[in-house]
There are 2 protein chains.
Amino acid sequence: MRPPGARGATLKDVADRVGVHPGTVSRALNPATQGMVNPDTVRKVQRAAKELAYRPNPMARGLKTSRSMTVGIIVPDITNPLFPPIVKGAEAVLTEAGYTCLIGNTDNDIHRERDVLEAFIGRQVDGLIVASAQLEDEVLRHAADGDRPLVLVNRRVEGARIPLVVGDDAGGMEMAVRHLAELGHTRIAHLAGPQFLSTGRARARAFRQSMHEFGLTVDPSLVLECATYSVEAGAAAAAALFEATDAASAPTAIACGNDQIAIGTYDVMRERGLRCPEDVSVVGYNDMPYVDKLAPPLTTIRVPHPLLGAEAARIMLRLLTGEDTATSVISLPVELVVRGSTAPPR
Amino acid sequence: MRPPGARGATLKDVADRVGVHPGTVSRALNPATQGMVNPDTVRKVQRAAKELAYRPNPMARGLKTSRSMTVGIIVPDITNPLFPPIVKGAEAVLTEAGYTCLIGNTDNDIHRERDVLEAFIGRQVDGLIVASAQLEDEVLRHAADGDRPLVLVNRRVEGARIPLVVGDDAGGMEMAVRHLAELGHTRIAHLAGPQFLSTGRARARAFRQSMHEFGLTVDPSLVLECATYSVEAGAAAAAALFEATDAASAPTAIACGNDQIAIGTYDVMRERGLRCPEDVSVVGYNDMPYVDKLAPPLTTIRVPHPLLGAEAARIMLRLLTGEDTATSVISLPVELVVRGSTAPPR
DNA sequence: TTGAAAGCGCTAACAG
DNA sequence: CTGTTAGCGCTTTCAA
């Protein structure tokens, strides 16, 4: 019985069939070295390879070249609708270039991130695209010192010079605040994402800044941090927000750190008999799938996630080929999508 | 520039440090062969390995053993909320067992499925878990003949003996129809999923059967097939359904092939001024994330997707170790989740 | 219990 | 243009 995996013709099989040396077959089949081979031989080799259904063994090749043609993509949670589009965008570009992608989940746990990273490095990935970064991420800061390209996407690491592709968090939050300000809101709350994530921090900072910009004051009791980017954490923060305010001090609008937080806010508002947008306007962030189907359809900031992934992959490719040595930082434009959850205050 | 160890210590480095032969180090480090080595030597080797931060090179190992410790998971679309939980469930089990997962998208295209499959086989994956099967899937039928374990999840292939893990489509649809029948509905429509997918076919068949079971007649004009499992296709079918019926012949309830179709149905009903559930009750299928946040919250059939993935992975593991040679078919129980989209007919 | 040696399939110098 | 050669890092006989 053949061991699992003992299959397929080898270079030598092809060589024998054509009557040449394996080295020649290798050259004939490799586009880069094909020029050094007699066109006639090339043709014969290609035909034989086809006939024998020859497929190069990437392990043998990798052992020799110490490249695996594999890129690892690390996401905090593949079941969070945010990340699959990023993965898909990256994968499309990488696959096109002949790379295969390994995908790893960290479950938002920095220790699991280390494990996944180790596993990927152990698998000899040629590069790493990481969407799970936390602001104080020693693991990544250290990984960036290695000799393996690392590209961050969606989230950044504090004080590390790592190539990066993000959505324009400052611009997005400014759009959200401007939209609410233009509707006439003045008491605007912010349910911020976790402050140990760059997106949470950047959006919170942008919230304050934009408020000032539009001549509005930030009431500290209207700015709360959610423990995570989840519906539950959003609901908890929203509940705390409404508990802490009375009719006079309550916000007329809420800018949420992401869409899940906005959904949690919807839930709490419903429980408390508050209507959206009549009593309180709500703005989300990300425009994840199906938020246009909520009641009311969620006004939110659309982040071009597939593009983020694709751009990160392109940077990776350039890093891999040595074309690019600079530490690029790309901030992609986002877009305000106005739906039914925002209206002028009453 | 390069931190010491970044280049990775080899077995020989460890051997040199301990003063033994590389073969001995290999045996000492491999749990299976560790018994043949002097415990003292084992300890010394392990210490040296740790000191040198030795990590076995999977390519070298794979070249020798012709196993890659890699399993490919193929899904039709990673951005469809259905599939990430399956992937996550499978990945958890496989990672635990020391395997790494490759994830591939087919974009619901049977040609891309072949490409991804080829790519994975070229990458020497030890086994394949496929969630993208179509009923007439020559590619998979052929792949099943190979010497590489193949496990199907969520969808099946007609007339092929391939191990399989699915949700209980017949049982789920029966629950949906029973629920509607018990509410008093008699004119029940079915917006079926694509009939070239096993889930679409199984649920449609179960719909008819359950209707008979509950003494209801199936009006052919109330059973329509959606071109795909998408919101758009669902909306198109729902529109056709309402176009083709008048006040007397219109359904009072609709059992949908999946949740996306139900969402499309919601959209069309809203456009036409039909209220849910007052005018028409709607039942979805899958219980994908956030359908409890729709207006009204969607009554649906919950499929335990993470479990499907986990079970498929367990079968794969057994196939890989040769423990299991039988072609297991596992049908996992599903559950009716009653929410706000169903009510007695008026 | 350990060492020696032979490759796994491929690439890349180096000859010819 | 093509053959030869020497490994990449590891496992696994076979001896000792």
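What you see is a predicted model; the values in this text were computed from it and never measured.

**Observations regarding the side chain of E113 of chain A**
All names here are of chain A. When you line up the elements, E113 lands in helix 6 (residues 110-122). No salt bridge is formed by the buried E113; its nearest oppositely charged neighbour, R155, is found at 6.7 Å. Here S132 takes part through its side chain, which lies 2.6 Å from a polar atom of the side chain of E113. Dropping the residues within four chain positions of it, E113 is found in contact with T106, V130, S132, A133, D137, V139 and L140.

**Points about the protein's contact with DNA strand C**
Not every one of the 22 residues close to DNA strand C is listed here, only the nearest: L11, Y54 and R61 of chain A together with T41 and K64 of chain B. The sugar-phosphate portion of DNA strand C accounts for 65% of its atoms within 4 Å of the protein, the bases making up the rest. For DNA strand C, a phosphate oxygen lies 2.8 Å from a polar atom in the side chain of S26 of chain A. Every element with two or more residues in the surface near DNA strand C is listed here: helix 2 (22-29) and helix 4 (58-65) of chain A together with helix 2 (22-29) and helix 4 (58-65) of chain B. Here the element with the most residues in the surface near DNA strand C is helix 4 of chain A; it accounts for 4 residues. In terms of residue class, the surface near DNA strand C is made up of 8 nonpolar, 9 polar and 5 charged.

**Quick notes on the confidence of the model for chain A**
Residue-level pLDDT values for chain A average 93, and 98% of them are 70 or greater. Scored below 50 in pLDDT, residues 1-6 of chain A shows 10 contacts in the model against residues more than four places distant or in partner chains.

**Details of the interface of chain A and chain B**
Counting residues at the interface gives 49 residues for chain A and 49 residues for chain B. Between chain A and chain B, the buried area comes to about 4300 Å², and carbon and sulfur atoms account for 57% of it. Applying the counting criterion to the chain A and chain B interface returns 8 salt bridges. Measuring nitrogen to oxygen at the nearest pair gives 3.0 Å for the salt bridge that ties K88 of chain B to D77 of chain A. Here chain A and chain B share 18 residue pairs in polar contact (both at pLDDT 80 or more) between them. Among the elements that line the side of chain A that touches chain B, the one with the most residues is strand 2 (residues 100-105) of chain A, at 6 residues. Of the residues assigned to the side of chain A that touches chain B, the class counts are 23 nonpolar, 12 polar and 14 charged.

**Re the sheet that holds strand 7 (residues 223-225) of chain B**
Residue and element names in this part refer to chain B. As summarised here, the arrangement of the 4 strands in space is 7-6-8-9, forming an open sheet in which the pairing is parallel. In this open sheet, the two edge strands, each paired with only one partner strand, are strand 7 and strand 9 (281-283). Ignoring strand direction, the axes of neighbouring strands in this sheet form an average angle of 15 degrees. This element, helix 8 (residues 169-183), spans strand 6 (188-192), strand 8 (253-256) and strand 9 of the sheet and lies at about 170 degrees to strand 8. Seen against the sheet, helix 9 (residues 198-213) touches strand 6, strand 7 and strand 8 and runs at an angle of roughly 165 degrees to strand 6.

**Looking at helix 6 of chain A**
Along its 13 residues, helix 6 of chain A runs 18 Å from first to last C-alpha, staying within 8% of the 18 Å computed at 1.5 Å per residue. Buried residues of helix 6 of chain A: E113, V116, L117, F120 and G122 of chain A, and no others. Contact partners of the buried residues in helix 6 of chain A: strand 1 (70-75), strand 2, strand 3 (127-130) and helix 7 (138-143) of chain A together with helix 4 of chain B. Looking at where helix 6 of chain A begins, the residue whose side-chain oxygen comes 2.7 Å from the main-chain nitrogen of H111 of chain A is D109 of chain A. At the exit of helix 6 of chain A stands Q124 of chain A, carrying a positive phi of roughly 65 degrees.

**Regarding the UniProt feature "domain: HTH lacI-type" (unreviewed entry) in chain A**
As recorded in UniProt, the feature "domain: HTH lacI-type" (unreviewed entry) lies at residues 9-65 of chain A. Taken end to end, residues 9-65 of chain A comprises 65% helix and 0% strand; its first and last C-alpha atoms sit 21 Å apart.

**Comments concerning the protein's contact with DNA strand D**
Looking at DNA strand D, there are 23 residues lining it, with H21 and K64 of chain A together with L11, Y54 and R61 of chain B nearest. Counted by atom, the contact set of DNA strand D within 4 Å of the protein is 59% sugar and phosphate. One nitrogen or oxygen atom from the side chain of T24 of chain A is found 2.7 Å from a phosphate oxygen belonging to DNA strand D. At a separation of 2.4 Å, a phosphate oxygen of DNA strand D approaches a polar backbone atom of L11 of chain B. For the surface near DNA strand D, the secondary-structure elements that each account for two or more residues are helix 2 and helix 4 of chain A together with helix 2 and helix 4 of chain B. Looking at the surface near DNA strand D, the element that brings in the most residues is helix 4 of chain B, giving 4 residues. Of the residues contributing to the surface near DNA strand D, the split by class is 8 nonpolar, 10 polar and 5 charged.

**Some remarks on the nonpolar core**
In this structure, I129 of chain A together with I129 of chain B are the most contacted members of the largest nonpolar core, which totals 92 residues. Those residues in contact with I129 of chain A, other than ones at most four positions away along the chain, are V71, G72, I73, I74, A90, L94, V151, V153, A312, A313 and M316 of chain A. Listed in part, the 36 residues of the second largest apolar core include L117 and I162 of chain A together with L150 and I162 of chain B.

**Some points on the relation of the copies chain A and chain B**
Laying chain A over chain B is done by rotating through 180 degrees and shifting 0.0 Å along the axis; what remains is an RMSD of 0.1 Å. In short, the pair behaves as if placed about a two-fold rotation axis. Take the interface residues of chain A: 92% of them recur as interface residues in chain B, which is what a same-surface contact looks like.

**A closer look at the packing of helix 5 (residues 83-96) of chain A against helix 12 (residues 305-320) of chain A**
Residue and element names in this part refer to chain A. Where helix 5 contacts helix 12, the two axes come as close as 6 Å, and the packing angle between them is 40 degrees. The orientation of helix 5 relative to helix 12 falls into the category oblique. Judged by the sense of rotation from one axis to the other, the crossing of helix 5 with helix 12 is right-handed. Side by side, helix 5 and helix 12 meet where P85, I86, G89, A90, V93 and L94 of the first sit next to H305, P306, G309, A310, A313, R314 and L317 of the second. Considered class by class, the residues forming the contact of helix 5 with helix 12 number 9 nonpolar, 3 polar and 1 charged.

**Some thoughts on the side chain of D259 of chain B**
Residues and elements named next belong to chain B. Its location among the elements puts D259 in helix 11 (residues 259-271). Buried charge without a salt bridge: D259, with R339 as the nearest opposite-charge side chain at an N-O distance of 6.8 Å. A polar side-chain atom of D259 sits 2.7 Å from the main-chain amide nitrogen of Y285. Not counting the four nearest positions on each side in its chain, D259 is found in contact with G284, Y285, N286, D287, M288, V291, L298 and T300.

**As for the pattern of salt bridges**
Pairs can form between side chains of opposite charge whenever their charged atoms are close. Tallied over the entire structure, the rule returns 50 salt bridges over all chains. Measuring nitrogen to oxygen at the nearest pair gives 3.3 Å for the salt bridge that ties D115 of chain A to R114 of chain A. Given a relative accessible area of 41%, D115 of chain A falls into the partly exposed group. Among the ionic contacts, a cluster of salt bridges with common partners joins D77, D107 and R112 of chain A together with K88 of chain B.

**A look at the pairing of strand 6 (residues 188-192) of chain A**
Residues and elements named next belong to chain A. The element strand 6 is extensively covered by neighbouring structure, given that 5 of its 5 residues are classed as buried. With 3 bridges joining them, strand 6 and strand 7 (residues 223-225) adopt parallel strand pairing. Bridge pairing in strand 7 places L191 opposite L224. Remark: the strand 6/helix 9 (residues 198-213)/strand 7 crossover connection has right-handed handedness.

Reading guide: rules and limits
Residues numbered from 1 in each chain as written. Chains lettered and ligands numbered in written order. Predicted model: local features only at pLDDT ≥ 70, side-chain atom pairs only at ≥ 80, totals over all residues. Heavy atoms only, no water. Helix = DSSP H or I, 4+ residues; strand = E, 2+ residues; numbered from the N terminus. Buried < 20%, exposed > 50% of the residue type's maximum accessible area, 1.4 Å probe, protein only. Lys, Arg positive; Asp, Glu negative; His and termini not counted. Salt bridge = Lys/Arg side-chain N within 4 Å of Asp/Glu carboxyl O. Polar contact = N/O pair within 3.5 Å; in protein donor to acceptor, adjacent residues only side chain to side chain. Contact = heavy atoms within 4.5 Å. Near = heavy atom within 4 Å. Nonpolar A, V, L, I, M, F, W, Y, C, P; charged D, E, K, R; others polar. pLDDT = per-residue confidence, 0-100. Buried area = accessible area lost by both parts, 1.4 Å probe. Pairing = 2+ DSSP bridges. Axes fitted to C-alpha atoms, helices over the stretch in contact; angles between N-to-C directions. Expected span 1.5 Å × (residues − 1). UniProt positions renumbered as here; feature names shortened; annotations may be inferred. Core = buried A, V, L, I, M, F, W, Y, C linked by side-chain atoms within 4.5 Å. Least-squares fit on C-alpha atoms with pLDDT ≥ 70 in both. Parallel < 35°, antiparallel > 145°, perpendicular 65-115°, else oblique. Left-handed = near helix turned anticlockwise from the far one by under 90°. Right-handed = clockwise from strand over helix to strand, strands pointing away.

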